[in-house]
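Observations on the three-dimensional arrangement
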Amino acid sequence: MHTAMSIIIKNAEDIAKMRVAGRLASEVLDYITPFVVPGVTTGELDRLCHEYMVKEQGTIPAPLNYAPPGHAPYPKAICTSINHQVCHGIPGDRVLKSGDIVNLDITVIKDGYHGDTSRMFLIGEASIQAKRLSQITYECMWLGIEQVAPGKSLGDIGHAIQKYAEGNGYSVVREFCGHGIGKQFHEDPQVVHYGRPGTGAKLQPGMIFTIEPMINAGKAGIRMLGDGWTVVTKDHSLSAQWEHTVLVTETGYEILTQSAGTPAKPF
Ligand code: MF3
Ligand code: CO
Ligand code: CO
């Protein structure tokens, strides 16, 4: 069945609540940062984040039991994607070791609204290649964000990201994308991280969506592991991802997933 796209325009009250949810999601990343070191398990990071959300913030971890059509309920509070894992890695007994790169993806619900953000972490001594992939992916996210303004289109965002990623010898994952977000975790529109300028939906003030490019050091192909969630690169090349939740304003954009520990704008 085809469902027509309907992008919800948020009002002032929605936006105020999305600012709170976004800041809280980002503060979970600030909180967990000192624990993301060699020797820790992803399961321990999940446990710590879950406890912080529920007990300190009064937020709900949106991933826990999240079950989109065709998926078993997601079993944990956060996503931890290591090295060639692209996204939706499930926390468990895996021990992080020096040289690993890991994405921690946090989505909280506060007062009925979602905030969704992720960062890359380099464990111990990461390789030059791993650092470069993480940095270029961060810049990809930012180049996408800088396209956001009324009258621009979704294709402008995707094009900026794709051009920079491919220009640096990397590839863009096609099967997963950014998304509208608000009272629902995943709303319209789909924000793909490739495309042609001037194509796709036109941006309007009050739209809120994520930009979350997944960039592979090798080929773009992916495959799903037997757990039904963890996505990996088919060629086992490294993959990186960064994510912000962004509001379209009258003059441009506002990043909603900001906190004291948010990394600086790269340019
Ligand atoms: N946070 C992810 C996103 O950015 C979605 C995770 S869904 C889960 O859209 F079920 F795997 F948690
Ligand atoms: Co998202
Ligand atoms: Co996310």
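Summarised in this report is the structure supplied together with it. Position numbers for residues count from 1 along each chain, tracking the sequence in the order it is written. Each chain takes a letter, starting from A, and each ligand takes a number, starting from 1, following the order in which they are written. Where totals are concerned, whole chains, interfaces and linings use all residues; where local detail is concerned, this predicted model gives features only for residues with pLDDT of at least 70, and gives and counts side-chain atom pairs only at 80 or more. Side-chain figures throughout are based on the complete set of non-hydrogen atoms in the structure, without hydrogens or water.

Concerning the overall build of the protein chain
Runs of E in the DSSP output that reach at least two residues are strands. Runs of H or I that reach at least four are helices, and both are numbered from the N terminus. On a plain count of helices and strands, the protein chain comes out with 4 helices and 15 strands. By the compact-globule yardstick of 18 Å for 267 residues, the protein chain fits well, its C-alpha radius of gyration being 17 Å. For every residue, the accessible area (1.4 Å probe, protein chains only) is compared with the maximum for its type, and the residue is labelled buried under 20%, exposed over 50%, or partly exposed between those bounds. Across the 267 residues of the protein chain, 51% fall into the buried class. Contacts between residues were defined by any pair of non-hydrogen atoms, one from each residue, lying within 4.5 Å. Excluding contacts between residues fewer than 6 apart, the proportion of contacts in the protein chain whose partners are at least 24 apart in sequence is 71%. Surface summary for the protein chain: the accessible area is close to 11,400 Å², and the carbon and sulfur share equals 55%. Lys and Arg are tallied as positive, Asp and Glu as negative. Neither His nor the chain termini are counted. For this purpose, a charge sits on NZ of Lys, CZ of Arg, CG of Asp or CD of Glu. Charge separation in the protein chain, taken as the distance between the mean sites of 23 positive and 27 negative side-chain charges, equals 4 Å. Note on method: radius of gyration uses C-alpha positions; expected globular size equals 2.2 Å times residues raised to 0.38. Here the Shrake-Rupley method, with its probe set to 1.4 Å, supplies the accessible areas, and only the displayed protein chains count as covering residues.

Quick notes on the sheet that holds strand β12 (residues 231-233)
A pair of strands counts as paired when DSSP detects no fewer than two bridges linking them. Here we have 3 strands laid out as an open sheet, ordered β3-β12-β11, and antiparallel in their pairing. The open sheet terminates on both sides in strands that have one partner only, identified here as β3 (85-87) and β11 (222-224). Here the average twist between neighbouring strands, direction ignored, is 40 degrees. Inspection of the sheet shows β3 paired to β12 by 2 bridges, in the antiparallel sense. Each bridged residue has a counterpart across the sheet, and for Q85 the counterpart in β12 is V232. Each axis is a line fitted through C-alpha atoms, and for a helix only the stretch in contact is used; angles between axes span 0 to 180 degrees, taken between their N-to-C directions.

Regarding the coordination of the cobalt ion (ligand 3)
For Na, K and Ca the donor cutoff is 3.2 Å, while for all other metals N, O and S atoms must lie within 2.8 Å; water is not among the atoms, so some sites may look incomplete. Looking at the cobalt ion (ligand 3), one finds its protein donor set to be D105 (OD), D105 (OD), D116 (OD) and E243 (OE), positioned 2.1 to 2.4 Å from the metal centre. Classification of the site at the cobalt ion (ligand 3) rests on its 6 donor atoms, whose angles at the metal span 58 to 166 degrees, yielding the label irregular. All geometry calls rest on donor angles, where a four-donor set with angles between 85 and 135 degrees is tetrahedral, four- and six-donor sets with opposite donors more than 155 degrees apart and all others between 65 and 115 are square planar and octahedral, and all else is irregular.

Observations concerning the sheet that holds strand β10 (residues 214-216)
The sheet built from 3 strands is open, its strands ordered β6-β10-β13 with antiparallel pairing. Each edge of the open sheet carries a strand with a single partner, namely β6 (171-172) and β13 (239-241). Relative to β13, β10 runs antiparallel, the two sharing 3 bridges. Counted as the bridge partner of M214 is Q241 from β13. Running at roughly 40 degrees to β13, helix α3 (residues 128-145) makes contact with β10 and β13 of the sheet.

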